[in-house]
Amino acid sequence: RKRGDKLRLCEMRTENGVDLEPAAVAKSDGDGRGEPLALAPKNVFVTKGGWTNVFDLGIEYAVEMSGEFGLLDVRNDTLAKRYMPAGLKRRFIVVDDAVLREYGDQLRLYFEEHHIETRFVSLPGEECNKTLSAVETILEELVDFALHRREPVLAIGGGVVLDIVGFAASMYRRGVPYIRVPTTVLAIVDASVGVKTGVDYTSKSKGALKNRVGSFYAPIAAFLDKRFIRTQDERNVVNGLGEIMKLALVRSPELFELLEKHGSRLVAERFQGSDRVADRVIELSIQTMLEELGPNLWETKLERCVDFGHSFSKIIEFESSPALMHGEAVNVDGLLCLALSAGRGWLSSEVVMRVFNVMKEVNLPTRDKSATPENMWRALEDAVEHRHGAQRVPLVRDRIGGYDFANDITKDEVMAAIEYVNNLHNSP
């Protein structure tokens with residue numbers, strides 16, 4: 001292009017001294033967006049009615065397992081140095097209060113040994129505390145700490161705390177970086193992997209709504225250390241198996257077989273066995289989640305097999321009494337969905353029974369009084385709203401590891417599936 005052409009690109013077309021529009025490159029970029037502006041040719045395009053602004057938001061975040069030395073071992077400087085802005089030696093740390101009770105002294109010693117100034121904010125990690133007020137607590141502390149714009153928040157805890165911190169990070173100064181350190185089985189294989197953040201919301205008209213307020217906001221990294229599982233009680237470990245079972249049923253026969261053969265031992269050993277079974281289960285779970293989420297982070301595609309166990313579980317989790325944990329509710333939902341598959345002829349009764357036996361072997365809940373026909377139909381109606389007007393219910397089809405989507409589930413099918421589950425429990 002000639003020098004004169006370059007100058008022409010920056011001129012403005014005027015009429016009676018009034019600027020009408022920026023002059024554009026002589027030819028369209030060819031993709032229908034319009035004609036690119038010279039000073040932003042990849043981003044701003046002149047159209048007939050105005051402009052189109054295009055920005056490709058590059059997302060990249062590490063998901064790393066710790067090696068020989070755990071994350072709280074002073075020989076491992078990951079939490080002390082990774083992503084630390086130049087000129088700073090401090091960390092703003094939000095930690096699950098149960099984790100702080102168990103590891104507080106170790107955490108403080110770790111950062112002292114690395115000469116890192118710390119501000120600890122503790123939050124309760126139960127689902128009932130996943131509220132906007134918890135987000136406000138973090139925001140107030142961030143203001144007082146005077147967190148820099150590129151300084152990461154460090155979140156240590158289970159999925160509830162990680163979700164709250166991620167949402168707060170997405171809001172503070174319209175977005176500051178954050179790092180996830182999951183400490184439960186469920187958080188390691190689920191909450192640490194994707195980009196969802198958020199809290200529950202209580203509506204005046206509809207009551208408690210799970211994860212109704214939130215954002216898609218990626219961490220800069222997730223650092224995983226299965227050593228944290230050592231201090232988890234049995235129920236929390238089993239709760240994590242609910243999400244692992246979900247992934248096994250729709251995506252991985254190998255993962256299911258590992259649960260079938262070693263599930264009870266994984267619980268008893270808290271994933272600390274000397275062989276590689278626990279490592280393989282975690283690796284398969286995380287890689288499977290990343291394979292599904294990676295190409296669809298913002299859920300532009302609403303048919304998601306990883307939504308298996310999440311069509312009815314929101315209502316089950318909130319309506320159950322005594323309350324079920326998230327992974328437990330997902331498993332109750334999962335068995336109900338297996339019953340739906342069987343009712344459609346998509347899955348044999350032998351396969352359903354095989355899965356049911358593994359669930360019982362590892363003490364996963366398989367039914368709940370809250371799973372009434374009325375509640376489950378209400379859950380399905382909410383799923384339709386969430387999935388933009390269609391059921392899009394992922395169901396296991398043909399075999400463990402195979403799936404399909406249903407969009408025409410009827411009330412009669414739901415009632416029959418509940419009866420199927422009850423009959424499983426009554427069989428010898």
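A short tour of the structure in this document, coming up.

The subject of this paragraph is the sheet that holds strand S6 (residues 62-65). Ordered by their spatial adjacency, six strands build an open sheet running S6-S13-S10-S9-S7-S8, and the pairing between neighbours is parallel. Each edge of the sheet is formed by a strand with only one pairing partner; in this case those strands are S6 and strand S8 (117-123). Each neighbouring strand pair of the sheet contributes to a mean axis angle of 20°, computed without reference to strand direction. Here four bridges tie S6 to strand S13 (residues 221-224), and the two strands are oriented parallel to one another. Note that in S13 the partner of Ala 62 across the bridge is Ala 221. The strands that helix H4 (residues 132-145) touches are strand S7 (90-96), S8 and strand S9 (153-157); relative to S7, the one it contacts most, it runs at about 165°.

Here we take up unusual backbone geometry. Residue Ser 321 is joined to Pro 322 through a cis peptide bond whose omega torsion reads 0°. Tracing the backbone shows Pro 322 in the loop between helix H10 (313-319) and helix H11 (326-343). The phi dihedral of Arg 174 falls on the positive side, at around 60°, and the residue is not glycine. With respect to the element layout, Arg 174 can be found in the loop between helix H5 (159-171) and strand S10 (178-182). For Arg 174, a relative accessible area of 80% translates into the label exposed. Positive phi values are uncommon outside glycine, yet Glu 299 reaches one of about 55°.

A separate point is the packing of aromatic side chains. Evaluated as defined, the whole model comprises seven aromatic pairs. On the basis of an interplanar angle of 90° and a centroid distance of 5.0 Å, the ring pair of Tyr 110 and Phe 111 is categorised as edge-to-face. Per residue, the accessibility class of Tyr 110 equals that of Phe 111, and both read buried. Relative to Phe 405, the ring of Tyr 403 has its centre 5.7 Å away and its plane inclined at 80°; by these criteria the two rings are edge-to-face. When its relative accessible area of 35% is taken as the criterion, Tyr 403 is described as partly exposed. Sitting over the face of the ring of Phe 120, Arg 108 holds its NZ or CZ atom 5.5 Å from the ring centroid. Taking the ring centre of Trp 346 as reference, the NZ or CZ of Arg 344 above it sits at 5.3 Å.

Under the counting rule described, the total for this entry stands at 32 salt bridges. For Glu 151, the salt bridge identified is with Arg 90, shortest N-O distance 2.8 Å. In this pair, Glu 151 is assigned in the loop between H4 and S9 and Arg 90 in strand S7, connecting sequence segments 61 residues apart. By relative accessible area, Arg 90 is classed as buried at 14%. Of the charged contacts in the structure, one is a salt bridge between Glu 283 and Arg 280, with a shortest N-O distance of 3.9 Å. Remark: Arg 280 and Glu 283 occur in helix H9 (residues 277-293); sequence separation between them is three residues, near one turn of the helix. Since its relative accessible area comes to 33%, Glu 283 is described here as partly exposed. Its relative accessible area of 30% is what places Arg 280 among the partly exposed residues.

The next thing to look at is the side chain of Asp 307. Looking at where Asp 307 falls in the secondary structure, it is placed in the loop between H9 and H10. You can call Asp 307 buried: its relative accessible area is 11%. Polar side-chain contacts of Asp 307 include one of 2.9 Å to the side chain of Arg 304. Those residues in contact with Asp 307 that sit more than four places away from it in its chain are Leu 302, Arg 387 and Pro 394.

Further remarks concern helix H8 (residues 253-268). If you check H8, its first and last C-alpha atoms are 23 Å apart, about what 16 residues at 1.5 Å a residue would give, namely 22 Å. Those residues of H8 that sit buried are Leu 255, Phe 256, Leu 258, Leu 259, Gly 263, Leu 266 and Val 267. Check the buried side of H8 and you find it contacts helix H7 (234-251), H9 and helix H12 (349-361).

Thresholds, definitions, all that
- Residues numbered from 1 in each chain as written.
- Predicted model: local features only at pLDDT ≥ 70, side-chain atom pairs only at ≥ 80, totals over all residues.
- Heavy atoms only, no water.
- Pairing = 2+ DSSP bridges.
- Helix = DSSP H or I, 4+ residues; strand = E, 2+ residues; numbered from the N terminus.
- Axes fitted to C-alpha atoms, helices over the stretch in contact; angles between N-to-C directions.
- Contact = heavy atoms within 4.5 Å.
- Buried < 20%, exposed > 50% of the residue type's maximum accessible area, 1.4 Å probe, protein only.
- Phe/Tyr/Trp six-rings, centres within 6.5 Å; stacked < 30°, edge-to-face > 60°.
- Lys NZ or Arg CZ within 6 Å of the ring centre and 35° of its normal.
- Salt bridge = Lys/Arg side-chain N within 4 Å of Asp/Glu carboxyl O.
- Polar contact = N/O pair within 3.5 Å; in protein donor to acceptor, adjacent residues only side chain to side chain.
- Expected span 1.5 Å × (residues − 1).

Any functional reading would require information beyond the geometric quantities listed.
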